[in-house]
Amino acid sequence: MSKTGDLKYFEEADDADYRREDGKGAKENGKASSETNGHYKNGDEEGIFESDIVESKPDPHKLDLSYSTACSTVASELPSPTVEFRKIPRPVNPKEAKSQRDRIEYFLLLEDLTAGMKRPCMMDLKMGTRQYGVEATPKKQKSQQEKCRTTTSQELGVRICGLQVWNNKTQSYEFQDKYFGRRVKAGTEFQEALQKFLYNGVDPQSILRHIPVILRKLAQLENIVQGLRGYRFYAASLLMFYDGDMSNDGAGDETAYESATDAATDTEDAPRRRKRNLKEVDFKVADFANSVTPFDNIDEKPCPPQHPGESDGGFLKGLHSLKMYFLQIQRDVRAELGLDPLGRGVQELHDLEALHIEEDIGMVSV
């Protein structure tokens, strides 16, 4: 890289005249010279665009080895890499890139799901009964099958991979990692872990306030996944999050939440350009590295789905289990508080328990 005036120019190291063969600098020539028509000027400086460089046809017998602030126009003996420039023209320097309106760049945009929260509480739930993709090696398949067999993944279709929750009584966070999630057993232990995530450390009523929203959004997500036939979300995560702050200053209760995604959240039908209560539990599905769509050619993959035309039964089993556990939490907490345990949702809980026993839908995703 050389510096001329106030602009920096980046030279391509694989061009033939990146530097003179005799190793001498070429400052004696001063300004760049080019016969292309893509000139730009900045004060006394002059350069060209690489898209124009591709179109130039230098005489290979008359090599001008003088120093140039632009990329070399000399073709090397190796296959020229500049053929790619015809597809995406690139300005020579970053300052010029800003002035090109027809310039196209592609980026992955990351969204901070906890933006605006004072005390973000987050739980990572690994969904499904199968945790390896269609290209997994036999060794990988065996290790992941064993991990599912010895954790709640096989029985419930969901496993805790980590959580943090704000305790307003101690004014501190409580953390659990993925190894905690692997030790948790189905039944009381799993239920207590979910309940702990909803408890603010002060008022048991905080648990009950979250559950109706959770059940509604889980049902919406379940309907969406049921309609995605041929899709598999192997090893995907379901993120639960909310703001655990209990301060009375009102800040953070609502925000004009503008999602970085193009559409609604995974559990919403309308665009999210609206106010949302950050203290309300929300969901996002994340980590699609091992996912499969109906448009993927998986016939010759080592381990394709056994029921490719069906919905992801493992993911649905996980959602089903979560609904059942949150309904049970609701019933137990109401009983502890002296409220009528036979309230809303009890019949649905009985129906879910019966379905859970009758059919193991999780194996559909294997």
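For the structure, check the block above.
Residues numbered from 1 in each chain as written. Predicted model: local features only at pLDDT ≥ 70, side-chain atom pairs only at ≥ 80, totals over all residues. Heavy atoms only, no water.

(A) Focus on the pattern of salt bridges. Under the defined criterion, the tally for this structure stands at 8 salt bridges. A salt bridge links K323 to E222, with the nearest nitrogen and oxygen atoms 2.9 Å apart. Here K323 is found in helix α8 (residues 313-336), whereas its partner E222 is found in helix α7 (residues 205-226), with 101 residues between them in sequence. For K323, a relative accessible area of 8% corresponds to the buried category. As a salt-bridge pair, R229 and E310 come within 3.1 Å of each other at their nearest N and O atoms. Of the two residues, R229 is situated in the loop between α7 and β8 (237-243) and E310 in the loop between β11 (282-286) and α8; the sequence distance between them amounts to 81 residues. Because the salt bridges share partners, they merge into one network encompassing K217, E280 and D282. (Salt bridge = Lys/Arg side-chain N within 4 Å of Asp/Glu carboxyl O. Helix = DSSP H or I, 4+ residues; strand = E, 2+ residues; numbered from the N terminus. Buried < 20%, exposed > 50% of the residue type's maximum accessible area, 1.4 Å probe, protein only.)

(B) Examining the nonpolar core more closely. Within the largest apolar cluster, 43 residues are counted, with the highest numbers of intra-cluster contacts made by L125, F190, L238, M240, F315, L322 and F326. Of all the secondary-structure elements, those providing two or more residues to this core are β5 (120-127), β6 (158-167), α6 (188-198), α7, β8, β11 and α8. Per-element accounting of this core gives the leading share, 10 residues, to α8. Not counting residues up to four positions away in its chain, the partners in contact with F315 are M127, G128, L221, V225, F233, A236 and V285. One finds M117, M122, F241 and L278 within the second-largest nonpolar core, a separate group that totals 6 residues. (Core = buried A, V, L, I, M, F, W, Y, C linked by side-chain atoms within 4.5 Å. Contact = heavy atoms within 4.5 Å.)

(C) Fine view of the side chain of N200. Along the chain, N200 falls in the loop between α6 and α7. With relative accessibility at 9%, the residue N200 sits in the buried group. Of the polar contacts made by the side chain of N200, one reaches the backbone nitrogen of D203; its length is 2.9 Å. Not counting residues up to four positions away in its chain, the partners in contact with N200 are W166, N167, N168, K169, S206, R209 and M246. (Polar contact = N/O pair within 3.5 Å; in protein donor to acceptor, adjacent residues only side chain to side chain.)

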